[in-house]
Amino acid sequence: MPKISIGLVEDNPTIASDLWEKLSLSEDIELILKAINGKDLFKKLASVALPEVFLMDIEMAEMDGIATTRLLKEKYPSVKILILTMFDDDAKLFEAIKAGASGYLLKDEKPHKIINAISEVLEGGAPMSPLMAAKTLDLLRQGSNDIQIQSVSKSAELTLRENEILEWIVRGLNVRQISEKLFVSDKTIRKHLEHIYQKLQVKGSREAVAKVIGRTY
């Protein structure tokens, strides 16, 4: 099987080296690009192949991770971007989703969790650290967000089961985790997701999450 090509965008050399070392533990991953910020990244992309997945820091000089993510998705819509950060900043979490990030993880996650997240995002998932998923759930429970979930679900005419699956997606669960909770096959969940995305008029879980939390994608 071909290896998954990865690009790392991180301005802290110590953290970048640590992440590079963690990812090198996997035989299924090939690290082909390293940049210190968005400006550096786009300069290097002129002469190297486009990685399948980017691991993106948020706080960087010259061009931060959110701006870089937004521009990457404009230029290369098919790429997947996992935001890696040391901070559980609520605003930045949702800004990253709006910009086009496919997942959001803390940098101190165990190597196998980051590696699993890379595989998951290529399968169409939206991985989040447990802390990030909890933050999302907390925010969804506040103010008008509950109304927003109901409004989106009702306007899209989702079934009860589809609405249940959508809520699990918003909470950061992947297909396998949802199938285990609902005692059905992965294939069944994927079929439900196809219907959900079609009804919501979105292309995948990231856009669905952005729509449900009441932000413009």
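Everything below is about the structure printed above this text.
Report on the accompanying structure. If you're wondering where the values come from, they're calculated on a predicted model, not measured in any experiment.

**Structural notes on the layout of surface pockets**
Thinking step 1. Counted as a void, the largest pocket has a volume near 1,200 Å³.
Thinking step 2. Surrounding the largest pocket, 47 residues form its lining, E120, G125, A126, P127 and N174 being those nearest its centre.
Thinking step 3. The set of elements that each furnish at least two residues to the lining of the largest pocket consists of α3 (65-75), α4 (90-99), α5 (111-122), α6 (130-140), α9 (175-182), α10 (186-200) and α11 (205-212).
Thinking step 4. Ranked by residue count, the leading element in the lining of the largest pocket is α5, at seven residues.
Thinking step 5. Residues belonging to the lining of the largest pocket are distributed by class as follows: 16 nonpolar, 13 polar and 18 charged.

**Structural notes on the pattern of salt bridges**
Thinking step 1. Inspection of the entire model under this criterion finds nine salt bridges.
Thinking step 2. With its nearest N and O atoms 3.9 Å apart, the salt bridge here joins R176 to D186. Of this pair, R176 sits in helix α9 while D186 sits in helix α10, placing them ten residues apart in sequence.
Thinking step 3. Residue D186 is classed as partly exposed on the basis of its relative accessible area of 26%.
Thinking step 4. Here K191 and E194 are joined by a salt bridge, their closest N and O atoms 3.6 Å apart. Of this pair, K191 and E194 both sit in helix α10, three residues apart, roughly one helical turn.

**Regarding the sheet that holds strand β1 (residues 4-9)**
Thinking step 1. Within the open sheet, the five strands sit side by side as β2-β1-β3-β4-β5. Their pairing is parallel. Only two strands of the sheet have a single partner each, and these edge strands are β2 (29-35) and β5 (103-106). Mean inter-strand twist for the sheet, computed between neighbouring axes without regard to direction, equals 25 degrees.
Thinking step 2. Across four bridges, the pairing between strand β3 (residues 53-56) and strand β4 (residues 80-85) is parallel. Among the inter-strand pairings, L55 is bridged to a residue of β4, identified as L82.
Thinking step 3. Here helix α1 (residues 13-23) sits on the sheet in contact with β1, β2, β3 and β4, set at roughly 165 degrees to β2.
Thinking step 4. Sheet contacts for α3: β3 and β4; angle to β3, the most-contacted strand, approximately 165 degrees.

**A word on helix α8 (residues 160-170)**
Thinking step 1. Looking only at α8, the buried set comprises E162, I165, L166, I169 and V170. Buried residues of α8, seen end-on, are gathered within an arc of 145 degrees and therefore sit on one face of the element.
Thinking step 2. Downstream of α8 by one or two residues, G172 has phi in the positive range, about 95 degrees.

**Examining unusual backbone geometry**
Thinking step 1. Of note, the phi angle at F183 is positive, near 60 degrees, even though the residue is not glycine.
Thinking step 2. Here F183 shows up in the loop between α9 and α10.
Thinking step 3. Looking at F183, the relative accessible area reads 75%, which means it is exposed.
Thinking step 4. Phi at Q201 is positive, roughly 60 degrees, even though this residue is not glycine.
Thinking step 5. Structurally, the position occupied by Q201 is in the loop between α10 and α11.

Conventions used here
Residues numbered from 1 in each chain as written. Predicted model: local features only at pLDDT ≥ 70, side-chain atom pairs only at ≥ 80, totals over all residues. Heavy atoms only, no water. 1 Å grid on protein atoms, 1.4 Å probe; cavity = no way out; pocket = protein on both sides within 12 Å on 5 of 7 lines; lining within 4 Å. Points joined across faces, edges and corners; volume = space filled by probe spheres on them. Helix = DSSP H or I, 4+ residues; strand = E, 2+ residues; numbered from the N terminus. Nonpolar A, V, L, I, M, F, W, Y, C, P; charged D, E, K, R; others polar. Salt bridge = Lys/Arg side-chain N within 4 Å of Asp/Glu carboxyl O. Buried < 20%, exposed > 50% of the residue type's maximum accessible area, 1.4 Å probe, protein only. Pairing = 2+ DSSP bridges. Axes fitted to C-alpha atoms, helices over the stretch in contact; angles between N-to-C directions. Contact = heavy atoms within 4.5 Å. Arc of directions from axis to C-beta.

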